[in-house]
Each structure stands twice: as C-alpha cells, then as structure tokens.
Amino acid sequence: MSKIKKISALCFGVQVLSACSIFGSRPKGESLNKMKDSPQFDGEKGVFANKNSETMKMGPFFAMLQDYYFGEQERVPKSPLPEVQPNLEEFSKPAKEAKFIWLGHSSFLIRLGGQTILVDPVFSEYASPIPLFAKRFQAPVLSFNNLPPVDVIVISHDHYDHLDMNTIKHFRGLDTQFVTPLGVGSHLSSWGIAEKLITELDWWDTTSISGVDYTCTPAQHFSGRGLKRNETLWASWAITNQDQKIFYSGDSGYSEHYKQIGERIGPFELAFLENGQYNKNWPHVHQTPEEAIQASVDLRVKAVVPVHWGMFELSSHDWFEPVDRMVNAARGSDIKVYTPRIGELVDLKEPPMFAQWWPETPKDKEIEKKSTKNEQRPSSIKSFALKKKEGNQ
C-alpha cells in the first residue's frame, strides 16, 4: 500500500473507529471526581496539563509527515531481533534481589518482594487502533498462555503502545491487580476488569500491595486514545520494598521532575528509562538517549535499562540508534547500562555480561574516540546541549 493511501486510511479509520471499544471509556463517577481534585487537572479546560507550557508544541505537521514517511533510516530491522526464551522457573524463584525480563519496547516483567509485576504490556500485533501502523517487529517472546501468574499490572498512560485492549482483556476474571494514573481505570473497566481490582493514583500518591509500594510519580508527556487529548493522567512509577527501589519513567521528556523524584524517593538500584522515539518535532515529550543518562544522574540510579525502543516504528530514527547512543552517552560515567536481549532474564544479584547485539554503526568508533579524551561525566543537562541539538532527530 502506498504512503498516500496509508495516510488516507488513517483519516478514514479514525472516524470509523470513533465508537469502537478500542478507544476505551471516558472517566466518570468517582474516578472523574478524583481527577477534578488533582493539582495536575486544569478545571477550566477539563484536561490534565504539564507544568511546562511548551510541552505540546510540535513541529510543522507536513514536515513531520515527510520526515516519517520519506526518511531513509533503517527504522525496521532487516531480520528478527535476537531473543531468548525466558527462564520463568528461575525468574519465579524467591529472592531478595529483583529480577526482570524485557519483552521489547516498554513491556517488561519484574519479580520483586515475591510479586510478579507486568509493566505496560502490549502483546497485540499493532500498537495502533488501525492495523496499518506501528506493527511489531516480531511476535511476542511470550504468549499469553506462557505468562507466569501476574500479581500486579502497572500502566504508565493510555497510549496504544503502552495500554493494549486485547492484552488487558486477557486478564478479565483473574485476580490480577491494576495500578494506573488517574482516569486510566475507566478504560480497564470498559474492557471487563472489575473495579475492585483497579487502583488509580495521582502524582506522589502511594498504594501498598503485599509489602511492595507503588508510587505514582511525575512525567512530562500527554495522553489520549481518540480525538481529545489529556483526559487521563500520565505518570512514571517508583516500585519499592524494604530491600530495593526500582523506577520506570513511562514516556517523558527530560525535566526537573527526575531530580525531584531522586531527592524524594531515590536512590534507585535500577531504572527503566525511555530512550527512543525522540524527534526534533516533539522534543519535550520524548527524551533523547543523552537526556536519559542525565535523568539517571538526577534519579541517583546505579543501573539503567533502555526501554521504548526495539519493537515498534514510532519515529524516524534507525531502530538501533537509541540504545547505541545511550551506551555511548554513559561512557566514562558510573552509570551501568543493561542491554539484555528480548526475553533474557536479568538477576540484579548477579547480572550477566551484556554484549552488543544491535548493529555497529560508523558513529560508534567516532564517539568512542571522543569519550576516551574526556572521561568526566556531565553534571547537568546543559552539558548535553550540543548533543541534543545535533541528535534530537
């Protein structure tokens, strides 16, 4: 199908699907009342808002279309990405230290405090309401039937690459608990999840489930599954117990919120930080890999896992560029970057050696030479200004 036909199909599809269940449901009742009491909610406009008024400023529409549809980058892998069949038996064994399995993009399993936690699970073939866009690079490494029993599902926001209707419906009738930002529970309820299993939180609110604390923390992004944006809240998450602290950025542009989280809840043993789908046309809602490393400094993180890459084509960069740039940005710092293959089990007690499994680019050698000349880690985001100007595209 030609690119012009795809654009036409998109416009038509949005109209046709406007009444479909995939869009979820607008908040109502107690959920809506909680939203109206939130400091993040703009009562006059009836939507949530970022602190930074520049956040939603985007580049020219036609420039974005041209960049996306006519770029020459390798945005989809030429062959399947390497993956490992998850060792779920080892993953489920009791342990003091956390374990995790990255499933691609922003979906991953965590084992902490005896709980199995599934974050932003997307198992559908497309991360889109229309089966023409955002197709998976490859099938999920785990099927629904092979998933371990899931105690808690954490959702960061309601965009299609983070909240998947078909995946959520798989958990109907089970005892799995859901923890979401304000308003997102309305979608889950409309798809058959019992309201008693859904906990909606505002920024800085915490709920405890069997000894594990789930704290909803700020992010700089937006939400929406239909034509109207920001009717539900977006968030990052701190998942902690008495032994370890783990952070997940959700989708976010770089902002001062990372430092606030680091001061209030950190330091963290591990952070899952978005590092992909950035673009010069939306610089405030998706951070660059270099900004992700600076966020790691702000959060006071020991090790970081790059997420939001490696499964869907949502921007115009090479599919492997985010992880490549993030590893290089961390050179000379104390930040450890964990780069597991899809499905690979990582035990924080004894992390494996991580080899580069993505393509080596000509930029690697050039950046490596530069990094050996200056091994000092940047101390503020201003240090990344030049990199951001050159690479935020």
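Residues numbered from 1 in each chain as written. Predicted model: local features only at pLDDT ≥ 70, side-chain atom pairs only at ≥ 80, totals over all residues. Heavy atoms only, no water.

(A) Representation of the packing of helix 8 (residues 289-299) against helix 9 (residues 321-329). Contact pair helix 8 / helix 9: the axes reach a minimum separation of 8 Å and the direction vectors enclose 45 degrees. Our classification of the angle between helix 8 and helix 9 gives oblique. In terms of crossing hand, the pair formed by helix 8 and helix 9 is right-handed. Contacts from Pro289, Glu290, Ala292 and Ile293 of helix 8 reach helix 9 at Pro322, Arg325, Met326 and Ala329. (Axes fitted to C-alpha atoms, helices over the stretch in contact; angles between N-to-C directions. Helix = DSSP H or I, 4+ residues; strand = E, 2+ residues; numbered from the N terminus. Parallel < 35°, antiparallel > 145°, perpendicular 65-115°, else oblique. Left-handed = near helix turned anticlockwise from the far one by under 90°. Contact = heavy atoms within 4.5 Å.)

(B) Structural context of the nonpolar core. Residues Phe100, Ile110, Tyr214, Trp237, Ile239, Leu270 and Phe272 are the most contacted members of the largest nonpolar core, which totals 78 residues. Grouped together as the second largest cluster of nonpolar side chains are 20 residues, Phe268, Ala271, Ala329 and Ala330 included. (Core = buried A, V, L, I, M, F, W, Y, C linked by side-chain atoms within 4.5 Å. Buried < 20%, exposed > 50% of the residue type's maximum accessible area, 1.4 Å probe, protein only.)

(C) Representation of the sheet that holds strand 4 (residues 108-112) in the model. With mixed pairing, the seven strands of this open sheet are ordered in space as 8-7-6-5-4-3-16. At either end of the open sheet lies a strand with only one pairing partner, and these are strand 8 (198-201) and strand 16 (345-347). The average undirected angle you get between the axes of adjacent strands in this sheet is 20 degrees. Sheet topology note: the strand 3 (residues 99-102)/strand 4 ladder contains four bridges and is antiparallel. Each residue of the ladder has a partner; that of Ile101, found in strand 4, is Leu109. (Pairing = 2+ DSSP bridges.)

(D) Molecular detail of the side chain of His221. Looking at where His221 falls in the secondary structure, it is placed in the loop between strand 10 (212-217) and strand 11 (236-240). Residue contacts for His221: discarding those within four places in its chain leaves Asn50, Thr55, Met56, His157, His159, Trp234, Asp251, Ser252, Val285 and His286.

(E) Spatial organisation of the sheet that holds strand 10. Overall, mixed pairing links the seven strands, which are arranged 9-10-11-12-13-14-15 in an open sheet. Looking along the sheet, the strands with just one partner apiece sit at the ends: strand 9 (206-209) and strand 15 (336-337). Note: strand 10 against strand 11, five bridges, orientation antiparallel. Its bridge partner lying in strand 11, Tyr214 is registered against Ile239.

(F) Inspection of the pattern of salt bridges at higher detail. Applying the stated rule across the entire model yields eight salt bridges. Glu231 is the partner of Lys228 in a salt bridge, and the nearest nitrogen-oxygen pair spans 4.0 Å. Across the salt bridge formed by Arg341 and Glu344, the nearest N and O atoms sit 3.4 Å from each other. According to the relative accessible area criterion, Arg341 is partly exposed, its value standing at 33%. Overall, Glu344 belongs to the buried group, its relative accessible area being 12%. Connected via shared salt-bridge partners are Arg26, Lys228 and Glu231. (Salt bridge = Lys/Arg side-chain N within 4 Å of Asp/Glu carboxyl O.)

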